[in-house]
Amino acid sequence: MKITAVTGDITKLAADAVIVNLFEGVKRPSGATAAVDKALGGAIAKLIKQGEIKGKRGEITLIHTMDKIKPARVLVAGLGSKEQLTPAVIREAIAEACRYLRKMPVKEVVTIAHGTGAGGIDATVSAQAITEGAMLGSYTFRWHKTKSDNNGEIERLSIATPERQLLKPLKKGCEKGRVLAEATILARDVANEPGNFMTPTDLAAVAAKVADDWGLECEVFERADMEEMDMGALLGVARGSVQPPKLIVLKYRGDKRSKKIIGLVGKGLTFDSGGISIKPSEKMGDMKGDMAGGAAVIAAMRAIGELKPKANVTAIVPATENLPDGNAYKPGDVLKASNGKTIEVVNTDAEGRLILADALSYARKLGLSPVIDIATLTGACMVALGDLCSGGFGNDQGVIDKVIAAGADAGERIWQLPMCDEYKEANKSDIADVKNSGGRYGGAITAAQFLHEFIEDTPWAHIDIAGTSRSEKDKGYVVKGETGVMVRTLVNFVLGM
Ligand code: BES
Ligand code: MN
Ligand code: ZN
């Protein structure tokens with residue numbers, strides 16, 4: 001879908017549909033909605049009066065214009081109360097409207113810069129939200145469908161404004177929205193891709209292509225390199241798989257004068273069966289998405305390479321499968337991570353923290369600071385927060401606050417959980433320095449405390465996306481399947497540094 005900003009009167013532009021809006025409780029439409037209403041002989045006002053259009057958030061009303069205006073259809077999107085309007089509401093409304101219209105089918109759509117009038121939202125912010133909503137809400141993963149889609153696709157969305165001076169800020173918002181949406185779509189594609197197509201080798205190839213396309217440096221460490229670096233935890237997890245593990249490193253250098261390098265680390269489990277501590281078969285297939293953190297980090301690097309902020313960023317993605325096999329690591333085994341700490345394996349399904357142990361130790365070795373890691377780490381986090389908020393943890397409140405704020409800006413909610421020292425008790429092992437599971441209670445926190453052992457005092461935030469990386473249904477700009485969550489948060493975070 002091509003999204004642009006244009007000047008013109010929406011009632012006179014050629015399109016198959018025009019999207020206008022209405023706030024809840026408004027009796028008489030204003031602004032662009034009023035112009036359309038007038039051209040339609042008061043059809044919208046009449047529907048409001050009859051109670052069919054209420055302006056509730058998520059409400060969609062379609063009116064056929066029967067040649068009264070140039071576009072054949074008007075879609076009135078409810079935005080809820082004016083006081084509660086946020087970019088997230090606009091993103092959601094446009095996403096729902098696009099999914100509704102595309103199956104008509106509709107090819108050309110015109111819309112207004114929602115919220116910039118009475119809603120008080122900045123034109124650039126509005127255009128970015130519209131672009132993200134349209135592109136992400138219309139996303140489908142079709143790589144393995146051999147027949148064409150009967151859903152249809154909107155080819156062009158134009159944001160129309162009568163005010164010439166708004167064109168520049170609107171275009172700027174469209175551009176930023178496009179970069180962030182395309183990166184998020186990359187993360188969704190990569191995470192949705194089945195395990196037999198997205199092995200650690202394939203994931204490394206994706207990173208190499210991103211580096212090639214956007215001028216980043218890419219380095220991929222092989223099993224022999226990991227052995228040399230004593231990455232016993234990552235190697236331990238990889239032992240049950242015939243797929244060679246990869247440690248993927250991407251570097252962006254946008255501030256040559258500064259020595260400061262931000263670290264982004266993402267869990268890259270291309271398939272997590274649980275290993276010898278095998279998972280139940282129901283929904284095990286979803287674990288093809290256990291590299292969503294790694295995908296988010298690689299995708300964020302793509303957007304960073306395109307937006308070129310004045311900052312330095314290094315991304316690290318440890319990638320492997322976790323499978324049971326005659327050679328697989330076993331409960332009871334002891335592994336030694338590259339920082340020298342020994343780990344008793346009490347559950348081979350707690351593998352994410354093991355591969356992250358070596359990745360975080362490596363981030364420390366490189367002197368990266370701050371370090372943000374993104375991981376589908378624990379079912380416990382999903383139990384605690386559901387699919388609405390990712391779990392936030394860390395050892396530096398300033399860094400955590402910045403990540404939460406970057407998330408809020410992207411409409412990706414992060415809820416912080418406590419990291420009291422006492423939680424470390426649960427990870428104590430009788431025979432090694434730590435064990436890889438602290439049990440069921442507080443499982444998301446004890447997992448974060450395990451990671452803390454390896455990032456030590458480097459300023460760090462950990463985001464557990466086990467509950468937010470997948471959606472069971474289409475809702476707003478999220479569609480069923482992998483969500484690409486944290487791509488936009490990470491980019492915001494880097495842009496804000
Ligand atoms: N990848 C899973 C966590 C997960 C669960 C992500 C559901 C997305 C949806 C992780 O490797 C795992 O298996 N964690 C275990 C840890 C336990 C054995 C301590 C879990 O949460 O059950
Ligand atoms: Mn697991
Ligand atoms: Zn896992």
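Look up a bit, the structure's there.
The shown structure was predicted, so the numbers you read here are calculated from the model rather than taken from an experiment. (Residues numbered from 1 in each chain as written. Chains lettered and ligands numbered in written order. Predicted model: local features only at pLDDT ≥ 70, side-chain atom pairs only at ≥ 80, totals over all residues. Heavy atoms only, no water.)

Undergrad: Just give me the short version of the overall build of the protein chain, but keep the residues and values in it.
TA: Helix and strand content of the protein chain: 14 helices and 20 strands. Here the protein chain has a C-alpha radius of gyration of 24 Å; the compact-globule value for 497 residues is 23 Å, and the two agree. Taking the principal axes of its C-alpha atoms as reference, the protein chain extends roughly 80 × 50 × 45 Å. The burial tally for the protein chain puts 57% of its 497 residues in the buried class. Carbon and sulfur atoms make up 51% of the accessible area of the protein chain, which totals about 20,500 Å². (Helix = DSSP H or I, 4+ residues; strand = E, 2+ residues; numbered from the N terminus. Rg over C-alpha atoms; globule rule 2.2 N^0.38 Å. Buried < 20%, exposed > 50% of the residue type's maximum accessible area, 1.4 Å probe, protein only. Areas by Shrake-Rupley, 256 points an atom, 1.4 Å probe, with all protein chains shown as cover.)

Undergrad: How would you explain the pairing of strand S5 (residues 108–112) if you had to name every residue and give the values?
TA: Burial analysis of S5 places four of its five residues in the buried class, the great majority of the element. In this structure, S5 lies alongside strand S6 (residues 156–161), joined through five bridges in parallel fashion. Its bridge partner lying in S6, Thr 111 is registered against Ile 159. Taken together, S5, helix H4 (residues 123–137) and S6 form a β-α-β motif whose crossover is right-handed. (Pairing = 2+ DSSP bridges. Right-handed = clockwise from strand over helix to strand, strands pointing away.)

Undergrad: Give a description of the coordination of the manganese ion (ligand 2) that names residues and reports values.
TA: The expected angle between donors at a tetrahedral four-coordinate metal is 109.5 degrees. At an octahedral six-coordinate metal it is 90 or 180 degrees. Distances from the manganese ion (ligand 2) to its protein donors, namely Asp 272 (OD), Asp 349 (O), Asp 349 (OD) and Glu 351 (OE), fall within the range 2.1 to 2.2 Å. Donor residues for the manganese ion (ligand 2), ordered by position in the chain, follow D-x76-D-x1-E. Between the manganese ion (ligand 2) and the zinc ion (ligand 3) the interatomic distance amounts to 3.1 Å, and Asp 272 serves as a bridging ligand to the pair. With a gap of 79 residues between them, Asp 272 in strand S10 (residues 268–272) and Glu 351 in the loop between strand S13 (342–344) and helix H10 (352–365) connect regions that are remote in the sequence. As far as burial versus exposure is concerned, Asp 272 and Glu 351 are alike and both buried. (Donors = N, O, S within 2.8 Å, 3.2 Å for Na, K, Ca; no water.)

Undergrad: Give a description of the site of ligand 1 that names residues and reports values.
TA: Residues in close proximity to ligand 1 total 16 residues, the closest being Lys 279, Asp 290, Asp 349, Glu 351 and Gly 379. Between an oxygen atom of ligand 1 and a side-chain N or O atom of Lys 267, the distance comes to 3.2 Å. Glu 351 is positioned with one of its side-chain polar atoms (N or O) 2.9 Å from an oxygen atom of ligand 1. Of all the cavities here, the one that holds ligand 1 is the largest pocket. (Near = heavy atom within 4 Å. Polar contact = N/O pair within 3.5 Å; in protein donor to acceptor, adjacent residues only side chain to side chain. 1 Å grid on protein atoms, 1.4 Å probe; cavity = no way out; pocket = protein on both sides within 12 Å on 5 of 7 lines; lining within 4 Å. Sits in = over half its atoms within 2 Å of the grid points.)

Undergrad: Summarise helix H13 (residues 443–455); cite the residues concerned and give the values.
TA: Its 13 residues give H13 an end-to-end C-alpha distance of 19 Å, which sits within 8% of 18 Å, the value for a rise of 1.5 Å per residue. Across the 13 residues of H13, 13 count as buried, placing the element largely inside the fold. (Expected span 1.5 Å × (residues − 1).)

Undergrad: Please set out the coordination of the zinc ion (ligand 3) residue by residue, giving values where relevant.
TA: Within the first shell, the zinc ion (ligand 3) binds the protein through Lys 267 (NZ), Asp 272 (OD), Asp 290 (OD) and Glu 351 (OE), at distances of 2.0 to 2.4 Å. Around the zinc ion (ligand 3), the six donor atoms are arranged such that angles at the metal cover 78 to 176°; this shape is classified as octahedral. (Tetrahedral: all angles 85-135°; square planar, octahedral: opposite > 155°, others 65-115°.)

Undergrad: Tell me about empty space enclosed by the protein, residues and numbers included.
TA: Unoccupied space between atoms shows up once a probe the size of one water molecule is rolled over them. All told, the structure shown has two cavities of 30 Å³ or more when counted by the stated rule. In this structure, the largest cavity occupies an estimated 50 Å³ of space. Around the largest cavity, the lining residues are Ala 187, Ala 191, Ala 292, Ala 295, Ala 296, Ser 469, Glu 482, Thr 483, Gly 484 and Val 485. Counting only elements with at least two residues in the lining of the largest cavity, the list comes to helix H5 (167–192) and helix H9 (292–307). The biggest single contributor to the lining of the largest cavity is H9, with three residues. Split into classes, the residues belonging to the lining of the largest cavity amount to six nonpolar, three polar and one charged. As a volume, the second largest cavity reaches approximately 40 Å³. (Points joined across faces, edges and corners; volume = space filled by probe spheres on them. Nonpolar A, V, L, I, M, F, W, Y, C, P; charged D, E, K, R; others polar.)

Undergrad: Provide a residue-level description of the packing of H4 against H5, including the pertinent values.
TA: For the pair H4 and H5, the least separation of the axes is 7 Å and the interaxial angle reads 30°. For the element pair H4 and H5, the recorded crossing hand is right-handed. Within the contact of H4 with H5, the residues separate by chemical class into 10 nonpolar, six polar and six charged. (Axes fitted to C-alpha atoms, helices over the stretch in contact; angles between N-to-C directions. Left-handed = near helix turned anticlockwise from the far one by under 90°.)

Undergrad: I'd like to hear about the packing of H10 against H13, residue by residue, with values.
TA: At their nearest, the axes of H10 and H13 sit 8 Å apart, and the two run at 30° to each other. Seen from above, H10 lies across H13 with right-handed handedness. On H13, the residues touching Arg 353, Leu 354, Leu 356, Ala 357, Leu 360, Ser 361 and Arg 364 of H10 are Ala 447, Phe 450, Leu 451, Phe 454 and Ile 455. Here the residues of the contact of H10 with H13 are counted per class, giving nine nonpolar, one polar and two charged. (Contact = heavy atoms within 4.5 Å.)

Undergrad: Give me the lowdown on H10, citing residues and values where you can.
TA: The end-to-end C-alpha distance of H10, which contains 14 residues, comes to 20 Å, matching closely the 20 Å that a straight helix rising 1.5 Å per residue would cover. Most of H10 sits inside the fold, with 12 of its 14 residues counted as buried.

Undergrad: Please give an account of the packing of aromatic side chains that cites residues and values.
TA: Evaluation of the coordinates by the stated rule reveals three aromatic pairs. Plain terms: the ring middles of Phe 141 and Trp 143 are 5.4 Å apart, the flat faces sit at 45° to each other, and that makes the pair tilted. By relative accessible area, which is 23% here, Phe 141 ends up partly exposed. Residue class for Trp 143 comes out partly exposed when judged on its relative accessible area of 47%. Centre to centre, the rings of Phe 221 and Tyr 362 are 5.7 Å apart; their planes meet at 80°, and the pair counts as edge-to-face. (Phe/Tyr/Trp six-rings, centres within 6.5 Å; stacked < 30°, edge-to-face > 60°.)

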